[in-house]
Amino acid sequence: MAVVAVVVTFNRLPMLQRLVGRLRAIGGLDRILVVDNASTDGTGEWLVSAGDGPGVPVEHRTLATNTGGAGGFHDGIEWAEGLLSDDEDLVWLMDDDGLPEQDCLARLLERVQRDRLEFCGPVVLAEQDPTRLCFPIRLPGGSRVVHAMPAVEGAARDGLVDDVVIPFNGVLVTRGLVRRIGLPRAEFFIWGDDVEYLWRAERAGARIATVVDARFLHPATDDLGTPMMLGRTTYNHTPSDLKHYCMARNNVLNLRDYRGWLFVLFFWVKTVWFYLFTKPRPGRIAMSARAAAAGLRGDFTGHRRYLR
């Protein structure tokens, strides 16, 4: 199996340099493709010189404008799929701020071959504290959300947590699955494009799992999975207006298309509750309504007012 890494970057040159160095040291990769979202911090110039370095070839594309993670992965997966020739070849997806452990790819590949996985990923751990998860995981078959590594290990069967993965954070996707389900929704810009792609793969019957002994580090944010309703559920709060706008817009569309209107209603109950009682910011409720309405009528331009 050929393996091509796709990295999406925007104005985080030191992190990109760290990641590319790690990928070159890991082995098992055929090439590294970097999609530069029109960075202005010298990333483009560095990528030109990085292509001449030793080890795994590094190729790059600099986009004309910042298309967000969604646009970057759309372009990068399309690029990788065109370079691969067999449906069992693999695309390894990650943002510039992630860092796979040295044996991460080897452990993923072992389970891909053994268990015929089509969409699998590592456990994504908080770089500041690798005993806890960077992103909370809702375990399959219920509503339980876990935040720590021991809970994931306890939920695993034969080293896998089936039907769960944190997409676009060190995940492997087969070329065959890409050909079946297509590319990520570039118009989403950020937030929810990865979940939509995962749910599309799920709907297509893909074999999906988290490989518990494969580890991937990522800077943590304490706002994701903020407890609410006396700890009965959580909400993905973010201080960023850009991220919240995209989350509200894209999440409503994802829930409508893959889970149904009842889940949309529950999301709205949570949003209103959270910004009235948990972290009072009534303006966020109005923003959420504008974002959702725009998405439902097919307008994906509203986030641009929050770009810096």
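This write-up is about the structure you can find in this document.

Parameters at a glance
- Residues numbered from 1 in each chain as written.
- Predicted model: local features only at pLDDT ≥ 70, side-chain atom pairs only at ≥ 80, totals over all residues.
- Heavy atoms only, no water.
- Helix = DSSP H or I, 4+ residues; strand = E, 2+ residues; numbered from the N terminus.
- Rg over C-alpha atoms; globule rule 2.2 N^0.38 Å.
- Contact = heavy atoms within 4.5 Å.
- Lys, Arg positive; Asp, Glu negative; His and termini not counted.
- Charge placed at Lys NZ, Arg CZ, Asp CG, Glu CD.
- Buried < 20%, exposed > 50% of the residue type's maximum accessible area, 1.4 Å probe, protein only.
- Pairing = 2+ DSSP bridges.
- Right-handed = clockwise from strand over helix to strand, strands pointing away.
- Salt bridge = Lys/Arg side-chain N within 4 Å of Asp/Glu carboxyl O.
- Core = buried A, V, L, I, M, F, W, Y, C linked by side-chain atoms within 4.5 Å.

Points about the overall build of the chain
Next, step 1: Helix and strand content of the chain: 10 helices and 13 strands.
Next, step 2: On C-alpha atoms alone, the chain measures out to a radius of gyration of 19 Å, which is about the 19 Å that the 2.2 N^0.38 rule sets for 308 residues.
Next, step 3: Overall size of the chain, expressed as C-alpha extent along the three principal axes, is 55 × 45 × 35 Å.
Next, step 4: Counting only contacts in the chain whose residues sit at least 6 apart along the sequence, the fraction spanning at least 24 positions is 76%.
Next, step 5: Charge centroids of the chain, computed over 36 positive and 38 negative side chains, lie 8 Å from each other.

Focus: the pairing of strand E1 (residues 3-9)
Next, step 1: A large share of E1 lies buried, amounting to seven of its seven residues.
Next, step 2: Neither face of E1 is exposed, since Val3, Ala5, Val7 and Thr9 on one face and Val4, Val6 and Val8 on the opposite face are all buried.
Next, step 3: For E1 and strand E4 (residues 90-95), the ladder comprises six bridges, and the chain directions are parallel. Bridge assignment links Val7 to a residue of E4, and that residue is Met94.
Next, step 4: As paired elements, E1 and strand E2 (residues 31-36) share six bridges and run parallel to each other. Bridge assignment links Val7 to a residue of E2, and that residue is Val34.
Next, step 5: With helix H1 (residues 13-26) bridging E1 and the parallel E2, this β-α-β connection has right-handed handedness.

Points about the pattern of salt bridges
Next, step 1: In total, this model carries 25 salt bridges according to the counting rule given.
Next, step 2: In this structure, the salt-bridge partner of Asp97 is Arg12, at a minimum N-O distance of 3.6 Å. Here Arg12 lies in the loop between E1 and H1 and Asp97 lies in the loop between E4 and strand E5 (99-100), a separation of 85 residues in the sequence.
Next, step 3: Its relative accessible area of 34% is what places Arg12 among the partly exposed residues.
Next, step 4: Asp241 is the salt-bridge partner of Arg281, the closest N and O atoms lying 3.7 Å from each other. One end of the pair, Arg281, is in the loop between helix H9 (261-278) and helix H10 (282-296); the other, Asp241, is in helix H8 (residues 241-258), and 40 residues separate them in sequence.

Things to note about unusual backbone geometry
Next, step 1: Here the phi dihedral of Asp158 falls at roughly 55°; this positive angle occurs in a residue that is not glycine.
Next, step 2: By the element assignment, Asp158 lies in the loop between helix H5 (149-155) and strand E9 (160-162).
Next, step 3: The backbone of Met229 sits at a positive phi, close to 50°, despite the residue not being glycine.
Next, step 4: Checked against the element boundaries, Met229 lands in the loop between strand E12 (226-228) and strand E13 (233-235).
Next, step 5: A relative accessible area of 16% places Met229 in the buried class.

What to know about the nonpolar core
Next, step 1: Within the largest apolar cluster, 51 residues are counted, with the highest numbers of intra-cluster contacts made by Leu23, Leu29, Ile32, Trp92 and Leu172.
Next, step 2: The element best represented in this core is strand E11 (residues 208-218), accounting for six residues.
Next, step 3: The residues contacting Ile32, other than those within four sequence positions of it, are Ala5, Val7, Val20, Leu23, Arg24, Val56, Pro57, Val58 and Glu59.
Next, step 4: Counting residues in each nonpolar core, the second largest holds 40 residues, with Leu33, Val35, Val165 and Leu198 among its members.

Remarks on the environment of Gly72
Next, step 1: Along the polypeptide, Gly72 turns up in helix H3 (residues 68-83).
Next, step 2: The class of Gly72 is buried, set by a relative accessible area of 0%.
Next, step 3: Separated by 117 residues in sequence, Gly72 and Phe189 place their C-alpha atoms 8.7 Å apart.
Next, step 4: Sequence-distant contacts of Gly72, that is, excluding residues within four places in its chain, are made with Val8, Val35, Asn37 and Thr67.

Focus on the pairing of strand E8 (residues 145-148)
Next, step 1: Pairing between strand E7 (residues 129-138) and E8: three bridges, direction antiparallel. Each bridged residue has a counterpart across the sheet, and for Arg138 the counterpart in E8 is Val145.
Next, step 2: The antiparallel hairpin formed by E7 and E8 contains six residues in its connecting segment, where Gly141 sits at a positive phi of about 80°.

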